[in-house]
Amino acid sequence: MSRTVAESMALMELETRLNESRPATPGTLRPGGRTAKVRRAVLDATLDALAESGFHALNMDRIAASAGVGKTTVYRRWTSPTGLVGDLLHDMAEQSLPAADTGTLAGDLRANAELVRATLTDPRMGAVFRAVIAAAACDEECARALAGFYRTRLAEWTPAVAKGAARGEVPAGTDPVELLRAVSAPLYYRFAVTHEELTADVAERAATAALAAARDGVFVRE
C-alpha cells in the first residue's frame, strides 16, 4: 500500500533528525547524504524566493514547502529568514568561480570586474543581490552575512595581487583587498545606487582605473 503524503513527510522529517543528530567528523560532509540534500533544497528555494519576491517576503513555511522538507527542520536549522540568507551567502561564496590567472594583474583585474558585472546583470542573481543588499541596509545579521560573503570572495582573489606585485606590476606592499574593492566599487555603485547600465566598457574602466591607482602607490599599506 502506498504511503500518504503526510506519512512520507513524517518519514523524511524523522530521517533528517536522525542524520542531524549523528556527530560529524570535523571538516567532512557527505555530498550525497540526506542532510546535504536537505540543505541544498532549502538554499535553492531561498534563492528562488529572494529572486522572485525579495527579502521581506521570505517566509520559512513557504521555503520548507518549496524545498519539500519539514517545517521543523527549517526552523531548527536556520531559525529565521536572516539565518537562511546567511547560509545562502556562505554557500554562494564557496560555489563562486575561482579567481582568474591570466598571467598579468591587468588581465586578472579585468576578469574580476567582468565576473562582478556578469553576476549583477544576470536577471536571477542580480535580483538576489538587490534583495540581500536591501536587507543588509536594515538588518544587522544580514549585513554581517553579506560582509562575510565579500570577505570570502576577496580572499579568493588576493593571490592575484600578490603575484602582480611579485612581477613588479604594482608596488610591493600594495593592499590586495583595497585594490580589489576599488575594482568592484564603481560597479556596485551603478547597480545599487544609480541603477545605471553595467556594460563591459564600465567593467573595463573600473579595472583600468583601479590598476592605475595601484601603480601610483595609492593602495600601498603604510
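Structure: above.
Read on for a plain summary of the structure.

Cut-offs and rules
- Within each chain, residues carry numbers counting from 1 in the order of the written sequence.
- In keeping with the predicted nature of the model, local features appear solely for residues at pLDDT of at least 70, side-chain atom pairs appear and are counted solely at 80 or more, and the whole-chain, interface and lining totals rest on all residues.
- Excluding hydrogens and water, the side-chain values take into account all heavy atoms of the structure.
- In this description a helix means any DSSP run of H or I spanning at least four residues, a strand means any run of E spanning at least two, and both kinds are numbered starting from the N terminus.
- When checking whether two residues touch, look at their non-hydrogen atoms; a contact exists if any pair is within 4.5 Å.
- All accessible-area figures derive from a Shrake-Rupley calculation using a 1.4 Å probe, and residue coverage is judged against the displayed protein chains alone.
- Pairing of N or O atoms within 3.5 Å defines a polar contact, subject to two protein rules: one partner must be a possible hydrogen donor and the other a possible acceptor, and residues neighboring in sequence count only if both atoms are side-chain atoms.
- Each residue is assigned to one of three classes by its accessible area relative to the maximum for its type, calculated with a 1.4 Å probe on protein chains only: buried under 20%, partly exposed between the two thresholds, exposed over 50%.
- What makes a salt bridge here is a side-chain nitrogen of Lys or Arg within 4 Å of a carboxyl oxygen of Asp or Glu, nothing more.
- Here a Phe, Tyr or Trp ring, Trp counted by its six-membered ring, pairs with any other such ring whose centre lies within 6.5 Å, and the pair is stacked when the planes are under 30 degrees apart, edge-to-face when over 60, and tilted otherwise.
- Criterion for a charge above a ring: Arg CZ or Lys NZ at most 6 Å from the ring centre, at most 35 degrees from the ring normal.

### A word on the overall build of the chain
Here is step 1: The helix and strand inventory of the chain stands at ten helices and zero strands.
Here is step 2: The order of helices and strands in the chain, counted from the N terminus, is α-α-α-α-α-α-α-α-α-α.
Here is step 3: A fraction of 69% describes how many contacts in the chain between residues 6 or more apart in sequence connect residues 24 or more apart.
Here is step 4: Counting only carbon and sulfur atoms, one obtains 56% of the accessible surface of the chain, whose full area is about 12100 Å².

### Some words on the side chain of Asp108
Here is step 1: Mapped onto the elements, Asp108 comes out in helix 6 (residues 105-121).
Here is step 2: Within polar-contact distance, the side chain of Asp108 engages the backbone nitrogen of Thr102 at 2.7 Å.

### Observations regarding the environment of Ala212
Here is step 1: Note on placement: Ala212 falls in helix 10 (residues 200-215).
Here is step 2: Accessibility expressed as a relative area gives 38% for Ala212, which makes it partly exposed.

### Topic: the pattern of salt bridges
Here is step 1: Within the structure shown, the criterion is met by twelve salt bridges.
Here is step 2: Between Lys163 and Asp101 there is a salt bridge, and its shortest N-O distance comes to 3.4 Å. You can see Lys163 sitting in helix 8 (residues 140-166) and its partner Asp101 sitting in the loop between helix 5 (81-95) and helix 6, a full 62 residues away along the chain.
Here is step 3: Judged by relative accessible area, which is 39%, Lys163 ranks as partly exposed.
Here is step 4: Taking the relative accessible area as the measure of exposure, Asp101 reaches 55% and is therefore exposed.
Here is step 5: With a shortest N-O distance of 3.1 Å, Arg144 and Glu140 are connected by a salt bridge. Placement of both Arg144 and Glu140 in helix 8 is noted, with a separation of four residues, approximately one turn of the helix.
Here is step 6: Overall, the relative accessible area of 60% leaves Glu140 in the exposed class.

### Some details on the packing of aromatic side chains
For any pair of aromatic rings, the description rests on two quantities: the centre-to-centre distance and the angle between the ring planes.
Here is step 1: Across all of its chains, the model carries three aromatic pairs by this definition.
Here is step 2: Geometrically, the ring pair formed by Phe149 and Tyr150 is edge-to-face, given 5.0 Å between the ring centres and 80 degrees between the ring planes.
Here is step 3: The exposure class assigned to Phe149 is buried, which follows from its relative accessible area of 6%.
Here is step 4: Taking relative accessible area as the criterion, Tyr150 reaches 25% and is therefore assigned partly exposed.
Here is step 5: Here Arg130 stacks its cationic end above the ring of Phe191, 4.1 Å away from the centre of that ring.

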